[in-house]
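This is what each chain is made of:
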Amino acid sequence: MAQEKLRTAYDFTWRDMEVGNIVTEAGNASLRRTGDWRSERPVIDKEKCSRCGRCWIYCPDGAIKIIDGGYYEPDLYYCKGCGICANICPVAAITMIEEEEI
Amino acid sequence: MSKRVALEASHAVAEAVKMADVDVISAYPITPQTHIPERLAEMVANGELKASYIPVESEHSALSACLGASSVGARAFTTTAGQGLELMHEVVYVASSMRYPVVMVICNRALSAPISVWGDHSDVMACRDTGWIQVFCENNQEAFDLTLWAFRVGEDSRVLFPVMVNLDGFTLSHVIEPVFLPEQSEVDRFLPKFNYPFALDPDRPMTHGALGLPDLYSEAKVAQEVAFRKSTGIILQGWKEFGDIFGRYYCPVESYKAEGAKTLLLTMGSYSETAKVTVDERQAKGDSLGLLRLRLWRPFPFEELRQAVKGVETVIVFDRCISFGMGGPVFSEVKSALYGEEPRPKIVGIVGGLGGRDMSAEDFGYVIDRGKEIAEKGSDRILEVVGVRGEMVSIRGQ
């Protein structure tokens, strides 16, 4: 499979499937958009954020990015909206907002 | 030059596995398959065969271990029967879908309940749709030959599917017959080293067994089915190459004295030899009768079957299994394969030989007579079972 060119499942026909559906390249999970089944997204309030980094540590998918000034931001290309970051935040700086309200 | 020796079918299979120089054997003993893993364990223990023998705690683990072996490019073999195959069931699908060419010999056994260690085809029929190449043997020579052939075809880089070799429990697995054993050099010429293109290797990381979301699963299954259907070409080529080296040529549908016959009896497995005795006797009396034997069960040999029944009036299909609520599975497949034929022969299904019930030449005589009668007059019986005691109820169950 030429993963570097293909970004979603819809780019694959059955002819593109490798024997036994084997993924022949390592480290290509980052190419797979996993953020499209999210129903809620985390929104971080920079005013409240203490930059402790717990959201970054606890995110099961590594979908929290470190941005300028040592703050944190969800990467919505991958974030599935599980809410662990909002739950773990000691200063309640992260709120889960319904996607349809955005 | 090959030598002719008297061998039990189970031991003939073990010889084939040894000559195929397998790397990993993982099996759990179960009647009537026991003599195969027993003999292989002995070969490994006394140094005749340099392979890793993994004594596992269940059939589920037996096949799982073979999958692991296959994933790193090892030649892997397992064997089971009846309940053991059913316990394996989950992994049976994984093997074919991940395209690991494990070879598995099944000594066909009836399923519980009531508990039966004796033969019929219920076990493999429950695995009919699992995407394994499936063949049925008639005698000891074929058990040896098809086991060897199974490695050659399954491991072909254009195939990469697991192969089930079926031998009837006891009536074949425990029978001693003369078998031609080839020279190792001939076997080596027929069977190249397994060169699996996707072997797991830390220097070349890749993922086997990834998740398939709804947006990819259909594509994965279509790719599998297309590849499986295409494997028929390599199956035939494998038999041709086998014949060219060993002098015995095999085909998907064997015709026995079938030329010009109005009625054909269709069988699978070792009971076919008894049925052939009946065909000989009937032909001698002037009956227009022949026999077809399905050797290849999956992928189903549509084309070969259609060719074999051209001009035939009646096909009587003999099943050693009941698909509950439907009838005989082979009967159903044959009927569906021939439905579009013009003209279409009459197709009748009769079940027998369940749970090791013997089928004599006279019993096959009954199958032929009753089959012809049904073809002519029809039947309102729910099922036709040879020799069953008690009057059979009608199709409505009354």
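Our structure is the block above this text.
A short tour of the structure in this document, coming up. (Residues numbered from 1 in each chain as written. Chains lettered and ligands numbered in written order. Predicted model: local features only at pLDDT ≥ 70, side-chain atom pairs only at ≥ 80, totals over all residues.)

### Comments concerning the sheet that holds strand β3 (residues 52-55) of chain B
All names here are of chain B.
Phase 1: If you trace the seven strands from one edge of the open sheet to the other, you get β3-β2-β4-β5-β7-β6-β12, paired in mixed fashion. Two strands bound the open sheet, and with one partner strand each, they are β3 and β12 (296-298). Geometrically, the sheet is characterised by an average inter-axis angle of 20° between neighbouring strands, direction not taken into account.
Phase 2: With four bridges connecting them, strand β4 (residues 76-80) and strand β5 (residues 103-108) associate as parallel partners. Its bridge partner being in β5, T78 is matched across the sheet by M104. (Pairing = 2+ DSSP bridges. Helix = DSSP H or I, 4+ residues; strand = E, 2+ residues; numbered from the N terminus. Axes fitted to C-alpha atoms, helices over the stretch in contact; angles between N-to-C directions.)

### Quick notes on the interface of chain A and chain B
Phase 1: Across the boundary between the two partners, chain A contributes 14 residues, which contact 18 residues of chain B.
Phase 2: Counted by class, the side of chain A that touches chain B contains nine nonpolar, four polar and one charged residues. (Contact = placed C-beta atoms within 7 Å. Nonpolar A, V, L, I, M, F, W, Y, C, P; charged D, E, K, R; others polar.)

### Section: the nonpolar core
Phase 1: Formed by 111 residues in total, the largest nonpolar core has its most connected members in V13, V165, L264, L265, L266, I316 and V317 of chain B.
Phase 2: No other element matches helix α6 (residues 140-154) of chain B, which puts eight residues into this core.
Phase 3: Each of two domains, domain 1 (3-246) and domain 2 (253-377) of chain B, supplies a minimum of three residues to this core.
Phase 4: The residues contacting L266 of chain B, other than those within four sequence positions of it, are L292, L294, V315, I316, V317, F318 and V334 of chain B.
Phase 5: With twelve residues, the next largest nonpolar core counts C59, A63, Y72 and C85 of chain A among its residues. (Core = buried A, V, L, I, M, F, W, Y, C linked by C-beta atoms within 7 Å. Buried ≥ 20, exposed ≤ 12 C-beta atoms within 10 Å, placed from the backbone. Domains from an automatic or database assignment.)

### Points about the pairing of β4 of chain B
Residues and elements named next belong to chain B.
Phase 1: Most of β4 is tucked away, with five of its five residues classed as buried.
Phase 2: Here β4 shows a buried face lined by A76, T78 and T80 and a second buried face lined by F77 and T79.
Phase 3: By the bridge criterion, two bridges tie strand β2 (residues 24-27) to β4 in an arrangement that is parallel. Opposite V24, over in β4, you have A76 as the bridge partner.
Phase 4: For the handedness criterion, the β-α-β arrangement of β4, helix α4 (residues 82-97) and β5 is classed as right-handed. (Right-handed = clockwise from strand over helix to strand, strands pointing away.)

### Looking at the sheet that holds strand β10 (residues 263-267) of chain B
Residue and element names in this part refer to chain B.
Phase 1: Spatially, five strands are ordered β9-β11-β10-β13-β14 in an open sheet, and the strand pairing comes out mixed. Two strands bound the open sheet, and with one partner strand each, they are β9 (253-256) and β14 (346-351). When strand polarity is set aside, the average angle formed by the axes of neighbouring strands in this sheet is 20°.
Phase 2: As paired elements, β9 and strand β11 (residues 289-294) share four bridges and run antiparallel to each other. Paired with Y256 across the strands is L291, a residue of β11.
Phase 3: Most of the contacts of helix α11 (residues 329-338) go to strand β13 (residues 314-319), to which it runs at about 150°, and overall it touches β10, β13 and β14.

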